[in-house]
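As a plain string of letters, each chain reads:
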Amino acid sequence: MKNVLAIVVLSLFVTSCAVIRPGEAGVKQKLGKLDSKVTTQGTVFYNPFTTRVIKESIQTNNLKLALRIPSKEGLSVDSEISILYRLQVEKLPTVLENIGPNYKDVMSAVFRSASSDVCSQFFAKDMHSGKRADIEAAIKQKMEETLTPQGIIIEAVLMKSIRLPQGLSISIEQKLQAEQDAMRMEFILQQERLEAERKLIEAKGTRDAQKILAEGLTPEIIKIRSIEAFQQLSKSPNSKVIITDGKTPYLINGAQN
């Protein structure tokens, strides 16, 4: 009899306590009424006949959705969305009381409404360009207006995959290819212009050098250079043949012994 009583007492003890692990929060519900106290870690004791402990994750969670969203021009765009969210610890009783444990379904409905309102203001091509961040931010803001007062914090809305209609996708690719070709051609033309400028500067430099040289060769300088040359030539032991007009000697040919 004592053994049976001990087993019953032990069973009651085990079933009357709940362990709240890190990253969780627990709230007691006694006779259907939620307690305002939230336990974030440790052991919670309760009367299993009248009370239960509801545990929920308070970590950042990822809600993944796949849906079609409308665009400004009336197209339907297939998308995969990740919603990063967490429950506000002190408002956990509010979440459970006003929304219930199936709050993910409510979040999904709020997102569908917000995404339809926001995406209908953008063209389909915008969802595949740099404006995607603006779309994500606008959807997040609309969701916060509804969910934040209820105790659900939206940390980010991420449009991970956007699949445009095939015809539009081909048009965008062709446009991007044309833009790349135009940029490549502009680069080639710029290189050609630079090369032409380089050649022009080089030719101008050669012309200026020749001009300076021609202007510097006056008859007096030529005479002086000729005299200097003959002075050097006179020092050579080789035989020389010199033809002159009687004024300025010019070396026409030279023969070696």
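Rules behind the numbers
Residues numbered from 1 in each chain as written. Predicted model: local features only at pLDDT ≥ 70, side-chain atom pairs only at ≥ 80, totals over all residues. Heavy atoms only, no water. Salt bridge = Lys/Arg side-chain N within 4 Å of Asp/Glu carboxyl O. Helix = DSSP H or I, 4+ residues; strand = E, 2+ residues; numbered from the N terminus. Phe/Tyr/Trp six-rings, centres within 6.5 Å; stacked < 30°, edge-to-face > 60°. Pairing = 2+ DSSP bridges. Axes fitted to C-alpha atoms, helices over the stretch in contact; angles between N-to-C directions. Contact = heavy atoms within 4.5 Å.

> Explain the pattern of salt bridges to me, please; I cannot follow it from the model alone.
In a structure, side chains of opposite charge can pair up when their charged atoms sit close to one another. Following the criterion strictly, the structure yields six salt bridges and no others. For arginine 86, the salt bridge identified is with glutamate 155, shortest N-O distance 2.9 Å. With arginine 86 in strand S7 (residues 76-87) and glutamate 155 in strand S8 (residues 152-163), the pair connects residues that are 69 residues apart, well separated along the chain. Among the ionic contacts, a cluster of salt bridges with common partners joins Glu195, Arg198 and Glu202.

> Help me understand the packing of aromatic side chains, please; the structure alone is not making it clear to me.
The geometry of an aromatic ring pair is captured by the separation of the ring centres together with the interplanar angle, meaning the angle of the planes. Going through the model one piece at a time under the given rule, you end up with one aromatic pair. Between tyrosine 85 and tyrosine 103, the ring centres sit 6.4 Å apart and the planes meet at 70°, which makes this aromatic pair edge-to-face. With tyrosine 85 in strand S7 and tyrosine 103 in helix H3 (residues 103-119), this pair connects stretches of sequence that are 18 residues apart.

> Please explain the sheet that holds strand S2 (residues 24-30) as it appears in this structure.
A sheet is described by the order of its strands in space; here three strands give the open sequence S3-S2-S5, paired in antiparallel fashion. Since the sheet does not close on itself, it has two edges, and those belong to strand S3 (33-39) and strand S5 (51-57), each with one partner. Taken over all neighbouring pairs, the strand axes of this sheet differ in orientation by 30° on average, direction set aside. Sheet topology note: the S2/S5 ladder contains seven bridges and is antiparallel. When the bridges of S5 are listed, glycine 26 appears paired with lysine 55. The sheet contacts of helix H2 (residues 92-99) involve S2, S3 and S5, and relative to S3 the element is tilted by about 150°.

> Help me understand the sheet that holds S8 in this model?
For sheets, the rule is that strands pair by backbone hydrogen bonds, running either parallel or antiparallel. Taking strand neighbours across the sheet as the criterion, the three strands line up as S6-S7-S8 in an open arrangement whose pairing is antiparallel. Among the strands making up the open sheet, the edge pair consists of strand S6 (61-70) and S8. Taking each pair of neighbouring strands and ignoring which way they run, the sheet shows an average axis angle of 25°. Bridge analysis of S7 against S8 gives 10 bridges, and the strand direction is antiparallel. From the neighbouring strand, isoleucine 81 faces S8, where its bridge partner is methionine 159. The sheet strands contacting helix H4 (residues 132-147) are S7 and S8, and the helix crosses S8 at an angle near 145°.

These results come straight from atomic positions and should not be treated as a statement about function.
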